[in-house]
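# Fold and geometry: a report
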Amino acid sequence: LEEAILKSDWEKVAELCGKETEVAREPVLDLLKGHALLALNQSNESLRLFALQSGSKDLEAWRSWAEGFCSRNPSSPAALYLKGDSCARLGRWQEAESLFRKALERAPSYYLARNALGVTHCAQRRLEEAEREFDKMVKEAPAFFDGHISKGSFLLLAHRPDDAVSSFGRAKNSTKDA
């Protein structure tokens with residue numbers, strides 16, 4: 001599983017994480033599969049898996065796993081991105097931002113980290129920085145559904161509803177969920 005993550009082989013990651021069940025959920029596997037499905041433009045299922053992991057126990061398990069994975073793979077953009085995600089889920093925005101930036105230093109076109117960095121800026125109400133990241137991200141990965149959704153949500157936050165509708169329209173054309 002870790003080898004597939006390091007290669008950003010998201011289809012393999014989703015496969016290896018298996019099917020989750022409501023009875024015996026594994027928060028780390030659910031979150032990993034959520035990230036894999038996000039990268040594969042299967043956003044409805046991704047969002048469902050992310051929503052299941054909102055309790056402090058689940059988020060702490062995710063943080064612990066992500067920190068260990070990143071310590072074993074400190075130069076991996078995927079490891080830095082996932083650790084950044086674990087920080088963001090705990091509201092540790094500055095630490096998340098630093099990790100997303102490190103991922104982008106190692107792989108400037110790592111669109112998952114670019115999108116997450118934009119979301120992190122939005123959470124901190126740094127809208128100009130968010131817009132720059134989202135603009136770069138949709139140029140680098142125009143087929144990435146969640147990038148258009150993130151940019152559209154940002155545009156709503158920035159009181160630009162017409163632009164938001166356009167971004168959401170581009171998202172609809174890039175997903176299996178449409």
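Residues numbered from 1 in each chain as written. Predicted model: local features only at pLDDT ≥ 70, side-chain atom pairs only at ≥ 80, totals over all residues. Heavy atoms only, no water.

Moving on, we get to the packing of helix H3 (residues 27–39) against helix H6 (residues 77–89). For the pair H3 and H6, interaxial distance at closest approach is 12 Å and the crossing angle is 110°. Between H3 and H6, the angle falls in the class roughly perpendicular. When the axes of H3 and H6 are compared, the crossing they make is right-handed. Residues Leu31, Leu32, His35 and Leu38 of H3 lie in contact with H6, whose contacting residues are Tyr81, Leu82, Asp85 and Arg89. Here the residues of the contact of H3 with H6 are counted per class, giving five nonpolar, one polar and two charged. (Axes fitted to C-alpha atoms, helices over the stretch in contact; angles between N-to-C directions. Helix = DSSP H or I, 4+ residues; strand = E, 2+ residues; numbered from the N terminus. Parallel < 35°, antiparallel > 145°, perpendicular 65-115°, else oblique. Left-handed = near helix turned anticlockwise from the far one by under 90°. Contact = heavy atoms within 4.5 Å. Nonpolar A, V, L, I, M, F, W, Y, C, P; charged D, E, K, R; others polar.)

On to the nonpolar core. Of all hydrophobic cores here, the largest spans 47 residues; its most connected members are Trp65, Tyr81 and Tyr110. Apart from residues no more than four positions distant in its own chain, Trp65 is found in contact with Glu2, Ile5, Val28, Leu32, Arg72 and Leu82. (Core = buried A, V, L, I, M, F, W, Y, C linked by side-chain atoms within 4.5 Å. Buried < 20%, exposed > 50% of the residue type's maximum accessible area, 1.4 Å probe, protein only.)

Bringing the packing of helix H5 (residues 56–72) against H6 into the picture now. Geometrically, a packed helix pair is captured by the angle between its two axes and the distance between the axes. Two elements in contact, H5 and H6, have axes separated by 9 Å at closest approach and are oriented at 155°. Taken together, the axis directions place H5 and H6 in an arrangement best described as roughly antiparallel. Judged by the sense of rotation from one axis to the other, the crossing of H5 with H6 is left-handed. Here H5 contributes Leu59, Trp62, Arg63, Trp65, Ala66, Glu67, Phe69 and Cys70 to the contact with H6, which in turn contributes Ala79, Leu80, Leu82, Lys83, Asp85, Ser86 and Arg89. Taken together, the residues that form the contact of H5 with H6 break down as nine nonpolar, one polar and five charged.

Turning our eyes to something else, we now look at unusual backbone geometry. Positive phi, close to 55°, is recorded for Ser8, a residue that is not glycine. In this structure, Ser8 sits in the loop between helix H1 (2–6) and helix H2 (10–17). Accessibility expressed as a relative area gives 25% for Ser8, which makes it partly exposed.

Okay, the confidence of the model for the protein chain next. When pLDDT drops low, the exact placement of atoms in the prediction is not to be read closely. On average, residues of the protein chain carry a pLDDT of 87, and 86% of them reach 70 or more. Ranking the elements of the protein chain by mean pLDDT puts helix H11 (residues 161–172) last, at 66, and helix H7 (residues 93–106) first, at 98. (pLDDT = per-residue confidence, 0-100.)

A complete count under the given rule lists five aromatic pairs for this structure. Relative to Trp65, the ring of Trp62 has its centre 5.6 Å away and its plane inclined at 10°; by these criteria the two rings are stacked. Of this pair, Trp62 and Trp65 both sit in helix H5, separated by three residues, roughly a single helical turn. One exposure class covers both Trp62 and Trp65, and it is buried. Each member of the aromatic cluster is reached from another via a ring pair, and the members are Trp62, Trp65 and Phe69. A cation over an aromatic ring shows up here: Arg89 above the ring of Phe50, its NZ or CZ 4.4 Å from the ring centre. (Phe/Tyr/Trp six-rings, centres within 6.5 Å; stacked < 30°, edge-to-face > 60°. Lys NZ or Arg CZ within 6 Å of the ring centre and 35° of its normal.)

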